[in-house]
Amino acid sequence: MLIIGIPHKTLSDEDRVWLSAKHVSGVILFSRNFSSRDQITSLIDDIRMERPDDPFLICVDQEGGPVQRFRDGFTRLPALAKLGELYETDSKRALALAEEHAWLMASEMRAIDVDLSFAPVADLGRGNIAIGERAFHADPAITSDLVQAYARGMHLAGMAVTLKHFPGHGSVIADTHFDVADDSRSLDDLRAADLVPFVDGIAAGAEAIMLAHVTYPEIDVFAAGYSRTWIGDILRKEIKFGGIVIGDDIGMAAAESIGGIPARIEAHLNAGCDLVLACSPAIVEEAVTSSAHLPVCPSARVESLRGAVAPTWEALVDNPKRDQIIDRLTEFMPDPGKK
């Protein structure tokens, strides 16, 4: 049930031991793992060889703007907030570009055999330090429209959609990578604002939801990813989401409230998460060894997030649709970087 980070640009013997564990369902790649398109493709191929017979996920955060792990050799993508700004003056063009942004991002990732880019951010852009321009907009209705357009583009490219960070990380200031974050609003207030893009994104066919390490004390004393109320009662029963629930990185400071690494993993699973992120290599060994006794994520659940059959990189580059989209993104935001 773990998705783990690895430390380097090639696999070590220790990495291979981690990857061979049946309760490890995937890898998340970062800038530390990347130097070029050829190198990252070789690394992905090597990872695949460690788990040739199991559904296994290769993941990344390739959102665009400030969070784009693979840059050299790939199209530089505008931050999602730029699309929200455009929506205010030309909503039709903004929605078309959001869909194309998503298709381009997902197509480039699928062409190198990445299954999932954890996207889009469905949080509201209301001042959170970590979210910032990663969010489309402060307005729930505008964010919802752009989230749905983005989901269409990802699906057209053969990639599952992951909405993050449920039930909404954008309206608190604290960065949960480094601090505890509390949101004191009522459930009704959240339903009227932050939850709107998630509800509409789920209706648009999102296959996965990533939980926030934010506590909403009016709803539950536990952070959302550790909360049966948020996952079981609200996400599953009220919103009727039947897809994959992913717990955000257990190495983040806001995840520490529940205890050590083993306690965090068990708390996520007991609350109803299907998969749990352990991104920092410093915690992976403990995460893997301490969770060996826990049930694995069923193969069918993992398979539901696998990418569809994709063209080779050469075929993608030869596709005139890609050139046209890059031209439109360049016109919208000069020099996003055609590679």
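These numbers come from a predicted model, not from an experiment.

Right, let's talk about the nonpolar core for a bit. Counting residues in hydrophobic clusters, the biggest one holds 115 residues, and the most contacted among them are L29, I47, F70, F166 and W230. The element that contributes the greatest number of residues to this core is helix α4 (residues 91-111), accounting for 10 residues. Discounting residues that sit within four places of it in the chain, W230 has contacts with F166, P167, L187, L190, L195, Y216, I219, A224 and L235.

Among the secondary structure elements, H23 is positioned in the loop between α1 (13-20) and β2 (24-29). Excluding residues within four positions of it along the chain, H23 makes contact with M1, L2, V288, S291, A292 and V296.

Of the two faces of strand β3 (residues 57-60), both are covered, the one formed by L57 and C59 as well as the one formed by I58 and V60. Here β2 pairs with β3 via 4 bridges, running parallel. By the bridge assignment for β3, V27 is matched with I58. Remark: the β2/helix α2 (residues 37-50)/β3 crossover connection has right-handed handedness. Direction of pairing for β3 relative to strand β6 (residues 116-117): parallel, over a ladder of 2 bridges.

Under the definition given, this model contains 0 disulfides. In this structure C59 is a free cysteine whose sulfur lies 9.5 Å from that of C279, the closest cysteine sulfur available. For C59, a relative accessible area of 0% translates into the label buried. Among the cysteines around C273, which has no disulfide bond, C297 carries the closest sulfur, lying 11 Å off. Overall, C273 belongs to the buried group, its relative accessible area being 6%.

One can find V296 in the loop between α10 (281-290) and α11 (299-303). The spatial distance from the C-alpha of V296 to the C-alpha of V284 is 16 Å, given a sequence separation of 12 residues. Once residues lying within four places of it in the same chain are set aside, the contact partners of V296 are M1, K22 and H23.

So, how was this worked out
Residues numbered from 1 in each chain as written. Predicted model: local features only at pLDDT ≥ 70, side-chain atom pairs only at ≥ 80, totals over all residues. Heavy atoms only, no water. Core = buried A, V, L, I, M, F, W, Y, C linked by side-chain atoms within 4.5 Å. Buried < 20%, exposed > 50% of the residue type's maximum accessible area, 1.4 Å probe, protein only. Helix = DSSP H or I, 4+ residues; strand = E, 2+ residues; numbered from the N terminus. Contact = heavy atoms within 4.5 Å. Pairing = 2+ DSSP bridges. Right-handed = clockwise from strand over helix to strand, strands pointing away. Disulfide = S-S within 2.5 Å.

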